[in-house]
Amino acid sequence: MFQMNSSEDTEPEDTSKPSGGSSSSSTLALTVCSAAIGGTFQYGYNISIINSPTNHIQGFINDTYIKRWGTGLDTPQLTFVWSIIVSAFALGGLLGSLLAGPMAVRFGRKNSLLLNNSFLFVGAAFALSSRVAKSFEMIILARSLVGINAGVSMNVQPMYFGESAPKHLRGAVAFSSAVFTAFGIFLGQVVGLTELLGTEPLWPYLLASNALPGLIQLLTLPWFPESPRYLLIDRGDREACVRALGRLRGGEAPVLEMKEMIQEQQQQQSLALKSGCTAYGKMPWSLFKERNLRSQLTTIMAASSAMMLCGNDCNYFYASYIFLEAGIPPEKIQYAAIGTGASEFISAILSNLLIERVGRKYLLVGGYSLMSFWTVVLTVALILQSHGVAGMPYLSLACVFLFILSFGLGPAGVTGILPAELFDQSSRPAAYMVAGSLMWINMFFLGMLFPFIVNSLGNLCFLPFLFVCVVAAVFLWFTLPETKGKTLAEITAEFDRKNGGKKRPYGQMDESNKDHYQLAKQADDAIMKQAADHSGPATIFDAGL
């Protein structure tokens, strides 16, 4: 699912790549698939499956109300109940994003994903039982629980991938989260067809079908290793880290990669002693107090907000109207809608292949720039279409697909990578909590406001999204350094310059922790000596660690 070979093979660190590349690739690929099928895949799938049974569920709500009170709901009341069901997913996602950080620190990345399935299974049971119980309130509970599941996975999974992948594959592996999200959207559209589960008798099974990917993850993920960085830096278990890293790299723990992790561990311990408290598991508000993290925090906040406010989800909503205007029969729109999901899926795969060649910054800024252009063309096409100009419905249709393609090419995947690459081990969970919370809050408010935007602005309804895309492209161009192929130390040094501080040597220790650091340094020197003496690739075991 992700690119296994990189053209960036000229850096010294590449000597640490183990010879067992095939084994490394297969283990890493299977870990990614196992984590993502019950992770970000669920986010895309659960966004998608709620669309096709809309009329059936609204009919169920009205019938239930009649049986209870002897009278039906009028249209505004029914719309209000439906909006609660839709919004419950976003509110659950917000709660999940707040739970993700503490869960990732306390239980680990892998175990958090496994525990996260409990929300999913209970939600699926509520959805499946709602018709028998004649309770639309159970659907609200189901969507809330599924939202919590999505909120946790959207934060923990990119963290897990970013910490488990080698530097030369870090972007491609982390971007796989976006590939599986797009795949979930596409598969949800397919499963929701009227020929499958999108019918009136089967809609409870459609809403509960998300339990199957969760079950697959529950059966497969325990066989794969935990994040090596979490094992070493958070738990202090060097032996477990070496074993996990060896499995992910083909049997041997690369020397230089382990050395870099040990240095980060020493830095975290130094900061902990200096502050008089643990440096692990920071809370979100502590990030706002640290001046040296100001630029990183501003960058991920802007990127996360822009991803939700750029209008991509609204394009999915508006596509049905554009399909009708283009002359597609109403009963065929469900098949045309699959094309929108397929577009994002294809562009996510393409971006996954490009990210280690083009870089994060160019994909992100380029994506927003293209989205700005297509928004202008779409707005002009909608205006001309309202004046009866021939061919404009087809131009509008093309713009919708191209906008979604541009979104999948950059913002959809790169945004989720940024917290993993811009923050150290102690700050990373809190950074994902901040980014995830903003994403879900913006999704909630946009879902509530977009119908009013359409009613107020008509054919100009996409202009607010044009403003967001332009501002995001300009802001990220000037604030985000390229992170491709760089260590956290190198990325931190660039942000230090932006924050107005002096360049800090990575792993810099204070006097109180210098003895401990010297012991680790002697171990590191032993590793490097063994690497020089061996004809084959050196390992951590050769140094006696």
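Here is what the cut-offs are and how they apply
Residues numbered from 1 in each chain as written. Predicted model: local features only at pLDDT ≥ 70, side-chain atom pairs only at ≥ 80, totals over all residues. Heavy atoms only, no water. Helix = DSSP H or I, 4+ residues; strand = E, 2+ residues; numbered from the N terminus. Buried < 20%, exposed > 50% of the residue type's maximum accessible area, 1.4 Å probe, protein only. Contact = heavy atoms within 4.5 Å. Areas by Shrake-Rupley, 256 points an atom, 1.4 Å probe, with all protein chains shown as cover. pLDDT = per-residue confidence, 0-100. Axes fitted to C-alpha atoms, helices over the stretch in contact; angles between N-to-C directions. Parallel < 35°, antiparallel > 145°, perpendicular 65-115°, else oblique. Left-handed = near helix turned anticlockwise from the far one by under 90°. Nonpolar A, V, L, I, M, F, W, Y, C, P; charged D, E, K, R; others polar. Expected span 1.5 Å × (residues − 1).

## Some points on the overall build of the chain
Of the regular secondary structure elements, the chain holds 23 helices and 0 strands. Within the chain, the proportion of its 545 residues that are buried is 56%. Considering only contacts in the chain between residues 6 or more positions apart, those separated by 24 or more positions represent 81%. Carbon and sulfur atoms make up 66% of the accessible area of the chain, which amounts to about 22,000 Å² in all.

## Considering the confidence of the model for the chain
For the chain, mean pLDDT is 82; residues scoring 70 or higher make up 84% of the total. By mean pLDDT, helix α23 (residues 514-533) is the weakest element of the chain at 44, and helix α9 (residues 211-220) is the strongest at 96. Within the model, pLDDT remains below 50 along residues 1-23, and this stretch shows 47 contacts once partners closer than five positions in the same chain are excluded. Here residues 526-545 scores under 50 on pLDDT; set against residues more than four positions off or in separate chains, the count is 30 contacts.

## Brief notes about helix α11 (residues 238-248)
Residues spaced three or four apart along an α-helix point in a common direction, a consequence of the helix completing one turn every 3.6 residues. Among the residues making up α11, those that are buried are Ala240, Cys241, Val242, Ala244, Leu245, Gly246 and Leu248. One or two positions beyond α11, positive phi appears at Gly250, with a value near 95°.

## Structural notes on the packing of helix α19 (residues 411-422) against helix α20 (residues 428-457)
Taken N-terminus to C-terminus, the directions of α19 and α20 make an angle of 150°; their axes are 8 Å apart at the nearest point. When the axes of α19 and α20 are compared, the pair comes out roughly antiparallel. The two elements α19 and α20 meet at a crossing, and its hand is right-handed. Along its contact with α19, which presents Gly416, Ile417, Pro419 and Ala420, the element α20 presents Arg428, Ala431, Tyr432 and Ala435. Of the residues belonging to the contact of α19 with α20, the class tally is 6 nonpolar, 1 polar and 1 charged.

## What about the packing of helix α2 (residues 40-48) against helix α6 (residues 137-164)?
It is the contact of α2 with α6, at a shortest axis distance of 8 Å, that shows an interaxial angle of 140°. In this structure, α2 crosses over α6, and the sense of that crossing is left-handed. Across the interface between the two elements, Thr40, Gln42, Tyr43 and Asn46 of α2 pack against Arg143, Val146, Asn149, Ala150, Ser153, Met154 and Gln157 of α6.

## As for helix α21 (residues 463-479)
End to end, α21 covers 24 Å across 17 residues, agreeing with the expected 24 Å (1.5 Å per residue, within 8%). Of the positions making up α21, those classed as buried are Phe465, Leu466, Val468, Cys469, Ala472, Ala473, Leu476 and Thr479.

## Regarding unusual backbone geometry
Even without glycine at this site, Lys134 takes up a positive phi of about 50°. Summarising the element assignment, Lys134 is placed in the loop between α5 (109-133) and α6. With a relative accessible area of 44%, Lys134 lands in the partly exposed category.

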